[in-house]
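Structural features, examined
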Amino acid sequence: LHRLVAKSPSAFVFLTSSGQVYKGLDLVLEVFARNPHLTLWVCSSFRRELDFCVAYWRELFFTKNIKPVGFIDIQSQQFAQIATQCAYAILPSCAEGISGSLLTAMSAGIIPVATSQCGLAPGEYVPLGEATPESIERTVCELSTKNIDWVTGFSMSVRMAIEQHYTAAAFTHSVQAALSLTLASEP
């Protein structure tokens, strides 16, 4: 029998590719290193940034609640297991268009916790007030106390947002609408 495993409100994933500092991994590591009751899966290309690894060696590789996965295939069994456990994807980035990593997380029912620079619409994510360790810590500690019904409800709403706003069909529709509006305003 297949048993459903509930997402843990104290489990987070940092899912991205390169640019660890401008995407906020340094801040996230600082917060999780001093909060051992929280778990962080680091799924990014941090190993390609040797200076970053040297600076955050202890946090990445010797902190029990921080799991340094590295770059991950989002179609792998490993990612599926992480997505089953993690309630949240954290990304305190200072510069994104629309974060493809967060859209991927949302497709797996993982709730984004992000800065406004990540390009998601209000209501589709938990906003980080500022990209500071103090703000991140307040937010993740508060989220870790949420009950499973709240987590499940928000998880379902992010999956619905993906289906309504971020599919290929939704993109095509928005481009067609923009073109129609532009052509209608031509003299």
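In case you missed it, the structure is sitting above this.
Attention in this report is confined to the structure presented alongside it.

What counts and how
- Residues numbered from 1 in each chain as written.
- Predicted model: local features only at pLDDT ≥ 70, side-chain atom pairs only at ≥ 80, totals over all residues.
- Heavy atoms only, no water.
- Helix = DSSP H or I, 4+ residues; strand = E, 2+ residues; numbered from the N terminus.
- Rg over C-alpha atoms; globule rule 2.2 N^0.38 Å.
- Buried < 20%, exposed > 50% of the residue type's maximum accessible area, 1.4 Å probe, protein only.
- Core = buried A, V, L, I, M, F, W, Y, C linked by side-chain atoms within 4.5 Å.
- Contact = heavy atoms within 4.5 Å.
- Patch = residues over 30% accessible without salt bridge, like charges linked within 9 Å, V, L, I, M, F, W, Y side chains within 5 Å.
- Areas by Shrake-Rupley, 256 points an atom, 1.4 Å probe, with all protein chains shown as cover.
- Salt bridge = Lys/Arg side-chain N within 4 Å of Asp/Glu carboxyl O.
- Pairing = 2+ DSSP bridges.
- Axes fitted to C-alpha atoms, helices over the stretch in contact; angles between N-to-C directions.

1. Digging into the overall build of the protein chain
Scanning the protein chain for helices and strands turns up eight helices and six strands. Each helix and strand of the protein chain, ordered N terminal to C terminal, gives the series β-α-β-α-α-β-α-β-α-β-β-α-α-α. Rg of the C-alpha trace for the protein chain: 18 Å, near the compact-globule value of 16 Å for 187 residues, within the 12% margin. Across the 187 residues of the protein chain, 47% fall into the buried class.

2. Quick word on the nonpolar core
If you look at the biggest cluster of nonpolar residues, it comprises 54 residues, and the most contacted ones within it are F12, V13, F32, L40, V42 and I90. Excluding its chain neighbours within four sequence positions, the residues that come into contact with L40 are F12, V13, F14, V28, L29, F32, N65, I66, K67 and I90.

3. Considering a nonpolar patch on the surface
A cluster of nonpolar residues, F171, V175, L179 and L183, forms a patch on the protein surface that exposes about 420 Å² of accessible area. Mapped onto the elements, F171 comes out in helix α8 (residues 168-184). Here F171 falls in the exposed class, since its relative accessible area comes to 56%.

4. Looking at the sheet that holds strand β4 (residues 86-91)
Strand order in this open sheet of six strands is β3-β2-β1-β4-β5-β6, and the pairing throughout is parallel. Taken across any chain shown, the strands that pair with only one partner, and hence form the sheet edges, are β3 (66-68) and β6 (126-127). Judged from the three bridges that link them, strand β1 (residues 8-15) and β4 form a sheet pairing that is parallel. Each bridged residue has a counterpart across the sheet, and for F12 the counterpart in β4 is Y88. Lying over the sheet, helix α4 (residues 77-85) contacts β1, β2 (39-43) and β4, oriented at roughly 100° with respect to β4. In the packing of helix α7 (residues 148-165) onto the sheet, the strands contacted are β1, β4, β5 (111-114) and β6, and the crossing angle to β5 comes to about 90°.

5. Quick notes on the pattern of salt bridges
By the definition in use, this model includes four salt bridges. Across the salt bridge formed by R34 and E30, the nearest N and O atoms sit 3.3 Å from each other. Under the relative-accessibility criterion, R34 is labelled partly exposed at 38%. Two residues, E59 and R58, come together in a salt bridge whose shortest N-O distance is 3.4 Å.

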